[in-house]
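Here are the chains, one letter per residue:
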Amino acid sequence: MQSIFNNFHDPFQFLSYLDRTILTPTHATPSPTSTGSPIVTVFFIAVIFLYSTIHHHQQRQPPRLHTTTMGNDGGSIPKRRELVKEAARNPTVSELKATVFESLNHAWTHDPISSEPIDLETVVSDWRGRLYNYESILKGLTTEPGSDDAEPKHDTTTSGNGESATPTIFATELSFASTGIKSLRDVVKLKFKRYRPPGNAKEKEIFACPVTLKELGASTKSVYLVPCGHVFAEMAIQMITDGSTDSTEEQEVCPECSEPFNKSEDVVPILPTDKADINRLSKRMEHLKAKGLTHSLKKDKSASKEKKNKNKSKRTADEANVNGDAEKEKETKKAKKSTAASGSISSRVSGINNPATAALTARVLADQDEAMKRRKLAAAAAGFR
């Protein structure tokens, strides 16, 4: 009914519409609903009252926002309050753990330089505990420094030695220059042990800890020993180091190859997430550099080269200073001789009043002195022979 009222701006237009359509049909037959009937009059009054009430109610309502219909099929553009059901919130602890585990699993299975799958048979690791394919390291070392591959792809905060001071362990893409690896001595080749679970010969082999037989990967905290490179579960190394008879002894032996290692420095976690482990690895590397050693506990040739270059430049500077002093001494002696000769000549021509004659006489005397020196040198050379 209200939709019909909306089409008329005046009640009399609406009554005229009713008179034409309902009250006065095309076949004019007398009926009790004619225009002069009291029933019709009451009906008109009720219609006018109803129309006035609806019109007054519409005027009191606030203006409505226009919503665009979508094809006249009953749909409309949704508003923001209909779409945003919940306010923004911080991720929960479980969501954060899931995100970290996903990033950790990607770092375990993909090379951060080439983004190719990691082959655990030939994998290597740097002092930060990152995993790389051996081929990626060789390619980066053989690439010329001026090529595009050696340019950093991301901005990193570097320390004085050109390496990242706050490394991003789970970086999905790195350039070789940002790793700080300058030679094969800066990485350690890791040795994973294959293990086939008992009871099923068709079971796929896994890389497991030799002590606990736990599968090594993102779900297990793993460490490797330097310099041998054997990989174990962190729990196994803690059991070995904590169970030693002498707690003050820093040296332990590898359970696989019996090679000694320092339990406080040479146990490197793989892809560490704790800040304490990352800070410990940074301090370890600073101590090794102070000793002239690399991550693999081998001698740092680059440091010795820098030292040799510094010593060479220092020797060159000292030689230049010595040569300069000798040249200065020779020039001083020569100046003294020339001053003495000029003084003797000036004393001999001091009695000549004419300046031109005095200058000519001084030049002749200088030539005579020079000729006398040459004769003396020739006579001395002949006598020496």
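First things first, this report covers the structure right here in the doc. This structure is a prediction, so every number in the text was calculated from the model and none was measured.

1. Overview of helix H7 (residues 234-242)
Part 1 of the argument: Within H7 the residues assigned to the buried category are Ala236, Ile237 and Thr241. Buried residues of H7, seen end-on, are gathered within an arc of 125 degrees and therefore sit on one face of the element. More than 90 degrees from the buried face of H7, the exposed residues found are Met239 and Asp242.
Part 2 of the argument: Each element contacted by the buried residues of H7 is listed here: strand E6 (222-225), strand E7 (231-233), strand E8 (251-253) and strand E10 (267-269).

2. Points about the pairing of E6
Part 1 of the argument: A two-sided burial pattern is seen for E6, the buried positions comprising Ser222 and Tyr224 on one face and Val223 and Leu225 on the other.
Part 2 of the argument: Counted along the chain from E6 to the antiparallel partner E7, the turn is five residues long, and its residue Gly229 has a positive phi close to 90 degrees.
Part 3 of the argument: As paired elements, E6 and E10 share three bridges and run antiparallel to each other. Across the sheet, residue Tyr224 finds its bridge partner in E10, namely Val268.

3. Here's the deal with helix H6 (residues 134-142)
Part 1 of the argument: Buried within H6 we find Ser136, Ile137 and Gly140. Angularly, the buried residues of H6 cover 100 degrees about the axis, an arc narrow enough to put them on a single face. Of the exposed residues in H6, the ones pointing more than 90 degrees away from its buried face are Lys139 and Thr142.
Part 2 of the argument: In this fold, the buried residues of H6 make contact with strand E1 (123-125) and strand E2 (131-133).

4. Describing unusual backbone geometry
Part 1 of the argument: With an omega dihedral of 15 degrees, the bond running from Val226 to Pro227 counts as a cis peptide bond.
Part 2 of the argument: When you line up the elements, Pro227 lands in the loop between E6 and E7.
Part 3 of the argument: Positive phi outside glycine occurs at Leu213, with the angle close to 60 degrees.
Part 4 of the argument: Within the fold, Leu213 resides in the loop between strand E5 (206-208) and E6.
Part 5 of the argument: A positive phi angle, close to 65 degrees, is found at Leu297, a residue other than glycine.
Part 6 of the argument: Inspection of the secondary structure puts Leu297 in the loop between helix H8 (275-291) and helix H9 (301-348).
Part 7 of the argument: Residue Leu297 is classed as partly exposed on the basis of its relative accessible area, which comes to 29%.

5. Brief notes about the sheet that holds E6
Part 1 of the argument: As summarised here, the arrangement of the three strands in space is E7-E6-E10, forming an open sheet in which the pairing is antiparallel. Looking at which strands have only one partner, the edges of the open sheet turn out to be E7 and E10. Ignoring strand direction, the axes of neighbouring strands in this sheet form an average angle of 35 degrees.

6. Notes on the side chain of Arg284
Part 1 of the argument: Structurally, the position occupied by Arg284 is in helix H8.
Part 2 of the argument: Looking at Arg284, the relative accessible area reads 3%, which means it is buried.
Part 3 of the argument: Within the structure, Arg284 has its side chain in polar contact with the backbone oxygen of Glu265 (distance 2.6 Å).
Part 4 of the argument: In this structure the side chain of Arg284 is engaged in a polar contact, spanning 3.0 Å, whose partner is the side chain of His295.
Part 5 of the argument: Once you skip the residues sitting within four places of it in the chain, Arg284 turns out to touch Val226, Glu265, Asp266, Val268, His295 and Leu297.

7. Here we look at the packing of aromatic side chains
Geometry of an aromatic ring pair is reported as the spacing of the ring centres plus the angle between the planes.
Part 1 of the argument: Using the criterion set out here, one finds two aromatic pairs in the structure.
Part 2 of the argument: Ring geometry for Trp108 and Phe192: centres 6.4 Å apart, planes at 70 degrees, overall edge-to-face. In this pair, Trp108 sits in helix H5 (residues 93-109) while Phe192 sits in the loop between strand E3 (188-189) and strand E4 (193-195), placing the two residues 84 residues apart along the sequence. Side by side, Trp108 and Phe192 carry an identical accessibility label, which is buried.
Part 3 of the argument: Between Phe192 and Phe207 the ring centres are 5.9 Å apart and the planes differ by 75 degrees, which places this aromatic pair in the edge-to-face class. Remark: Phe207 occurs in strand E5 and Phe192 occurs in the loop between E3 and E4; sequence separation between them is 15 residues.
Part 4 of the argument: Three or more aromatic residues joined by ring pairs form one cluster here, namely Trp108, Phe192 and Phe207.

What counts, and where the lines are drawn
- Along each chain, the written sequence defines residue order, and numbers are assigned to residues from 1.
- For this predicted model, a pLDDT threshold of at least 70 governs which residues receive local features, and a threshold of 80 or more governs which side-chain atom pairs are given and counted, while totals over whole chains, interfaces and linings are taken from all residues.
- Water and hydrogen atoms were dropped before computing side-chain values, which therefore reflect all heavy atoms in the structure.
- The buried label goes to any residue with under 20% of its type's maximum accessible area, the exposed label to any with over 50%, and the partly exposed label to all in between, with areas taken from a 1.4 Å probe on protein chains only.
- Put simply, DSSP H or I for four residues or longer makes a helix, DSSP E for two residues or longer makes a strand, and each gets a number counted from the N terminus.
- This arc is built from the directions going out from the helix axis to the C-beta atoms.
- Residues count as neighbours in contact if any of their non-hydrogen atoms are within 4.5 Å of one another.
- Two strands pair if DSSP finds at least two bridges between them.
- Axis definition: a line fitted to C-alpha atoms, over the contacting stretch in the case of helices. Angles run 0 to 180 degrees between N-to-C directions.
- Polar contact criterion, stated in full: a pair of N or O atoms within 3.5 Å, where within protein one must be able to donate a hydrogen and the other to accept it, and residues adjacent in sequence count only if both atoms are side-chain atoms.
- The pairing test for Phe, Tyr and Trp rings, Trp by its six-membered ring, is centres within 6.5 Å, and the orientation test on the planes gives stacked under 30 degrees, edge-to-face over 60, and tilted for anything in between.

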